[in-house]
Every structure is written in structure tokens, then in C-alpha cells.
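Commentary on secondary and tertiary structure
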There are 2 protein chains.
Amino acid sequence: MPKRDLRELLRLPAGGSVDLAAHDPAATPGAPGGKTAVLADAERMGGELAGLQERLWAAGTAGDRRRVLLVLQGMDTSGKGGTVKHVIGHLNPSGCRIRAFKAPTAEELRHDFLWRVRRALPEPGEIGIFDRSHYEDVLVARVRQLVPPAAVGGRYGRINDFERALAEDGVTVVKCFLHLSYEEQRRRLLRRLDRPDKRWKFAPSDIDERALWPAYQEAYELALEHCATPPWYVVPADHKWYRNWAVGRLLLEHLRELDPEYPRFPFDLAECRERLLRET
Amino acid sequence: MPKRDLRELLRLPAGGSVDLAAHDPAATPGAPGGKTAVLADAERMGGELAGLQERLWAAGTAGDRRRVLLVLQGMDTSGKGGTVKHVIGHLNPSGCRIRAFKAPTAEELRHDFLWRVRRALPEPGEIGIFDRSHYEDVLVARVRQLVPPAAVGGRYGRINDFERALAEDGVTVVKCFLHLSYEEQRRRLLRRLDRPDKRWKFAPSDIDERALWPAYQEAYELALEHCATPPWYVVPADHKWYRNWAVGRLLLEHLRELDPEYPRFPFDLAECRERLLRET
């Protein structure tokens, strides 16, 4: 376990300008050692995460409206899906609400950009996980000019209002940017091509997107800068073992702080037990 | 691995009357041995399940509309939630659509009983998991007389039409009744009371429901009888290790039969690789 809170190490300070180039995608801040130690620590975290999730859920059944929403953003192959799989591995999936956002459908496009996001929010007691999110509407929308620049500009404020309202409603939003290097993305795309069982994930359009790398990094910098409350965590993602551990750990620290409690048992325990034993 | 298909062993034949008392909730049909052997076999299944799910998903991205819907029904404490957690443990949760149905909300009650179910269906390539389902509308609805008996009677046909339409649309529905004994339920409820971290799951109304055990068994028998296509599997559920293994195994056998295929790679592989390597 790291001595310092991992949130402190990965959190982007609000108010400053963001320079992603200053963050090393291959770094492992706060890690309790190398790969072996990190994997072992991730394993150990599992039980505590599961316990905290159950308490959150239990509290939810008794009127506690609090919940958590983990937002995962990052370039192609940065491992959003892999992180979901890893984090869920520690949790009870019945208490999770997972949503992967793709290019908007025709129906979604007829609504405001936050419409589909609102419909996918976790209920009280749940842990929500977004694989991509409303941030796509200021990322790909900006880079690909899917809407006029002024419209993108207006969305930062809309997102801030939205996230402030979520906080007021008891939703802890944990925003993780999975920070991948350009070179590591090349290696991962080549690996996809080399493996017959992974090749289906690949399309030449991935290379076209990759050619827009600088524009995407800039779009991310603007998004992280303009929407800094709640804070973004920049999670170095070149090492999958670190990325998985770090996101699990950030979730753990937030849940510890929420410290949800099992509701008080409002019935007569002895009488319940006796009724159960009495009946034939 | 059992020599015979587990589906043959657990499937209720269509057309006959159903007598749940003739099924032993503590039996372990088709198990490759005792608890240790079954746990090891469940572990082994994991890789194959994950591989088949990935192929199903990949095929879905290329226009294959097929998907699977696992429906879990059973009395309180029969382990629907535990089974979801176990099955999901083998799968990539991003390709799953899990839904736990509770008592209908005011909005859900304003619609037809199948409305909320249709909204929770898996998309092509996905595996859907229902913890409770539209069958509640012929189970608790019948026992608690939430609707007039004639209305319940009409629902069996509605469910059959609905499930036939699903089959025609490429949805393989795998219906599992987790068959628990009255005595084992007592033990599990007592254990909930004894554990401070499980007590919150308990309410005296659980004992009231339990008092209606014979009426519920009868309602299940009628539902299983009237809605026998696709078939129901009666999964003995007194042993959690058997229950988890059996549901995983049923899912595996269905996926094997679907035998989804990775889509053909429609691009020039050498050219893609070269483009990736060329760019600086």
C-alpha cells in the first residue's frame, strides 16, 4: 500500500493549464513496487472493495442516496474496456451499472448530448462505470468538428453544471484519463493485427484517428482544464498492471472516504430467529 | 467434464405436467465429481466461456444479430445474485447486460408487464442476464393476487409469444430455475440473521413470503408447464458450488452450439501494418 493517498499523486490541480506531455505514460506513481508487487496488492484490494461496495449498496436500501460514478476516458487501446473488466472483477456486478458509449445513435442525436448520459447514471447504492462518456462530446466532437467550435465551447460549462448537480445529488464522480503514449499505441495496434483473434477490433480508420493524435491531446488538455471539478486523475496507462491497480486504488480511496454504513437492523432479532425456527 | 450434455440432464420436457417435488434440490446431476472437482472444472470453463463470448461480440460487430439471454428465477436465497456474480466472473462485463428486476416502479406499472423487460434486452453480440424476469408477473402476481387470476392466465400465452419473437430475432433464451429446498432456505435466512454484515438483507416479510412456499411452488410448476419453449432447466441449488457450475456449464453448451465466428478481416493486412510502422 502506498503511504500517500494515490489521489494526491494523480489529481490534476484545478485552475492551471494542463500539459499532458509533462506526464509520463510509463510512470508508476505510488505503486507499492514493480509488476509482481502491484498485482499482489491489486489482489489484496479486492476484498476491501467488495466489502465497501456491499456497504454502499446496503446503505442505499435504507435511503442513503450516495453512489459512485467512475468515468474512463482515453485514446484507442488505452485500456478502458480492460480496466472495466479488472475493476468489476473485484465487485458484485449486480450492484454496478456499466455503460460503454459508442458513436451516438440516430435517436441519441435527436436529444441534447447529456440525454443518453443521464439515462445511464447509477442509482443510489450502485457503482456506475462509463467506458467513454459525455466528454466525447468535447473530444471527438472538437477534433472531427462534428459541431461548430462555439457549440463545443458551450459544452464545458454544461458539463460543469451537470457534474455539480450530480455531486449535490450524492454522486461521487471519479474521472480517470488513461494516459497512453503514441509509441505504446502503435505497439498495441500492431499486436491487434498480429493476432487473428484480435484482428476484428482493427479498422484502417484507427490509423486515421491516430494521425490526429496532437489534436486529440489538445482536446483532452482543454477538457481537463475546463472541467476540473470534480478533479481529473491522470493515470499512466502504458503498463496495464499499473493502470488497473491505480484505477482500483482510486475507487477504493473514494469509497473509504464515503465510508457507507450497514443500516441498523430495525426488527427484533430474537423474534425473527424464533419465527424461522418455529415453522415446520 | 460430464460426458452427457448437461442440458439433457436438467431440461424439463415440454408437454408434461411439472412436479418440482420429484426434483432433489441437493442433487448434482452431471457433476464431474464432488465439490473440489466441480470448483476446478468451473475454473477451467472460464477461459472457454470468455473466448466464446468474445467471438459472439466480434460477430455482432459484423452484423450477426445473435445474442444470449440468461434468465434466473428462484425463491429468496436461492442464489440468483450469487450466480450472476459467478457467471460474470468468467465473462467480459462490457459485453454483458445485467438487470435485476425488483417490484415494479410506478412508471413500470403504467405500462404492460413486458415493457420493462423489452427495454433490458441484450443487443446483438451481448449476453444478457436477468435476475428475476417477466416470470415474476405469473409468480408473485399469482400468489399475491396482484392481478385477477384470469389476467395471470392470459400472461402465459403473452410470454410464449414474446419468447418466440425473441428466438426469431436471434436471442437464445436460457431459462434456469434455481431449485432450493425449504430447509436450506431456513438455514440461509438464519445465517443472514447471524451475520451482522448480512442482516440488512433480511426483513420479517421474508418469513411471510416463506409461509406461502407451497403456493409459490405451485405457481412455478404452472409457469414451467405453460411456458416450456424454450425449455426450462431445473438447477438444483442447495449446493452453491453445483448451482454456479451448472449455470456456467449450461451457458457454455449454448454458446458452443451457437459457435459464433470472428468476422473475416476485410482489409489488406500488410498495408495496415506498413502504414502503422511508417508514420513517425
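Everything here concerns the structure above.
Described below are features of the structure shown in this document. (Residues numbered from 1 in each chain as written. Chains lettered and ligands numbered in written order. Predicted model: local features only at pLDDT ≥ 70, side-chain atom pairs only at ≥ 80, totals over all residues. Heavy atoms only, no water.)

The next subject is the sheet that holds strand β2 (residues 96-100) of chain A. For sheets, the rule is that strands pair by backbone hydrogen bonds, running either parallel or antiparallel. Residues and elements named next belong to chain A. The 5 strands lie next to each other as β2-β3-β1-β4-β5, forming an open sheet whose pairing is parallel. Either end of the sheet is taken by a strand with one partner, and the two such strands are β2 and β5 (232-236). Across the sheet, the axes of successive neighbouring strands diverge by a mean angle of 20°, strand direction being ignored. For strand β1 (residues 67-74) and strand β4 (residues 171-179), the ladder comprises 8 bridges, and the chain directions are parallel. (Pairing = 2+ DSSP bridges. Helix = DSSP H or I, 4+ residues; strand = E, 2+ residues; numbered from the N terminus. Axes fitted to C-alpha atoms, helices over the stretch in contact; angles between N-to-C directions.)

Overlaying chain B with chain A gives an RMSD of 0.0 Å, the required rotation being 180° about an axis along which the chain moves by 0.0 Å. In short, the pair behaves as if placed about a two-fold rotation axis. Of every C-alpha in chain B, the one belonging to Gly89(B) sits nearest the axis of rotation, 3.2 Å from it. With an isologous cut-off of 70% or more, the 100% of interface residues of chain B that recur at the interface of chain A puts this contact in the isologous class. (Least-squares fit on C-alpha atoms with pLDDT ≥ 70 in both. Contact = heavy atoms within 4.5 Å.)

Moving on to the pattern of salt bridges. All names here are of chain A. Under the definition given, this model contains 55 salt bridges over all chains. Between Arg256 and Glu48 there is a salt bridge whose closest N-O contact spans 2.6 Å. With a gap of 208 residues between them, Arg256 in helix α11 (residues 240-258) and Glu48 in helix α2 (residues 35-61) connect regions that are remote in the sequence. Here Arg256 falls in the partly exposed class, since its relative accessible area comes to 34%. By relative accessible area, which is 30% here, Glu48 ends up partly exposed. In this structure, Asp169 engages Arg65 in a salt bridge whose closest nitrogen and oxygen atoms are separated by 3.1 Å. (Salt bridge = Lys/Arg side-chain N within 4 Å of Asp/Glu carboxyl O. Buried < 20%, exposed > 50% of the residue type's maximum accessible area, 1.4 Å probe, protein only.)

Moving on, we come to the environment of Asp41(A). Residues and elements named next belong to chain A. Considering the arrangement of structural elements, one finds Asp41 in helix α2. Taking relative accessible area as the criterion, Asp41 reaches 0% and is therefore assigned buried. One polar contact links Asp41 to Trp245, side chain to side chain, over a distance of 2.7 Å. (Polar contact = N/O pair within 3.5 Å; in protein donor to acceptor, adjacent residues only side chain to side chain.)

One pass over the structure, following the stated rule, counts 14 aromatic pairs over all chains. Both rings, one in Tyr182(A) and one in Trp213(A), keep their centres 5.3 Å apart while their planes meet at 75°; by these two values the pair is edge-to-face. Of this pair, Tyr182(A) sits in helix α8 (residues 182-194) while Trp213(A) sits in helix α10 (residues 213-226), and the two are 31 residues apart along the sequence. The buried category is assigned to Trp213(A), whose relative accessible area is 9%. With centroids separated by 6.3 Å and ring planes inclined at 45°, the aromatic side chains of Phe202(A) and Phe265(B) adopt a geometry described as tilted. With Phe202(A) in the loop between α8 and α9 (204-210) and Phe265(B) in the loop between α11 (240-258) and α12 (269-278), this residue pair bridges two chains. Each member of the pair, Phe202(A) as well as Phe265(B), is classed as buried. Members of the aromatic cluster, connected to one another through ring pairs, are Phe202(A), Phe265(B) and Phe267(B). The ring of Tyr182(A) carries Arg210(A) above its face, with NZ or CZ at 3.8 Å from the centroid. (Phe/Tyr/Trp six-rings, centres within 6.5 Å; stacked < 30°, edge-to-face > 60°. Lys NZ or Arg CZ within 6 Å of the ring centre and 35° of its normal.)

On the side of chain A, 43 residues touch chain B, which itself brings 43 residues to the contact. Together chain B and chain A conceal approximately 4200 Å² of surface at their shared face, both sides included; 63% is due to carbon and sulfur atoms. Summed over the shared surface of chain B and chain A, the number is 6 salt bridges. The salt bridge involving Arg275(B) is made with Asp208(A); its shortest N-O contact spans 2.8 Å. Linking chain B to chain A there are 11 residue pairs in polar contact (both at pLDDT 80 or more). Broken down by secondary-structure element, the contributors of at least two residues to the side of chain B that touches chain A are α2 (35-61), α3 (80-90), α8 (182-194), α9 (204-210) and α12 of chain B. Residues that form the side of chain B that touches chain A fall into these classes: 24 nonpolar, 5 polar and 14 charged. (Buried area = accessible area lost by both parts, 1.4 Å probe. Nonpolar A, V, L, I, M, F, W, Y, C, P; charged D, E, K, R; others polar.)

Before going further, it helps to spend a moment on the packing of helix α3 (residues 80-90) of chain A against α11(A). Residues and elements named next belong to chain A. Between α3 and α11, whose axes approach to 9 Å, the crossing angle comes to 55°. Comparing the axis directions of α3 and α11 gives the class oblique. Of the two possible hands of crossing, α3 and α11 adopt the one that is right-handed. On the side of α3, the interface is formed by Gly82, Thr83, His86 and Val87, while α11 contributes Arg243, Asn244, Val247, Gly248 and Leu251. Residue composition of the contact of α3 with α11, grouped by class: 3 nonpolar, 5 polar and 1 charged. (Parallel < 35°, antiparallel > 145°, perpendicular 65-115°, else oblique. Left-handed = near helix turned anticlockwise from the far one by under 90°.)

In this structure, Glu163(A) sits in helix α7 (residues 149-168). Once you skip the residues sitting within four places of it in the chain, Glu163(A) turns out to touch His134(A), Tyr135(A), Lys175(A), Thr229(A) and Pro230(A).

Residues and elements named next belong to chain B. The sheet built from 5 strands is open, its strands ordered β2-β3-β1-β4-β5 with parallel pairing. The sheet terminates laterally at β2 (96-100) and β5 (232-236), the two strands that pair on one side only. Averaged over all pairs of adjacent strands, the angle between strand axes in this sheet comes to 20°, irrespective of strand direction. Looking at chain direction, strand β4 (residues 171-179) and β5 are connected through 5 bridges and run parallel. The partner of Phe177 across the bridge, within β5, is Val234.

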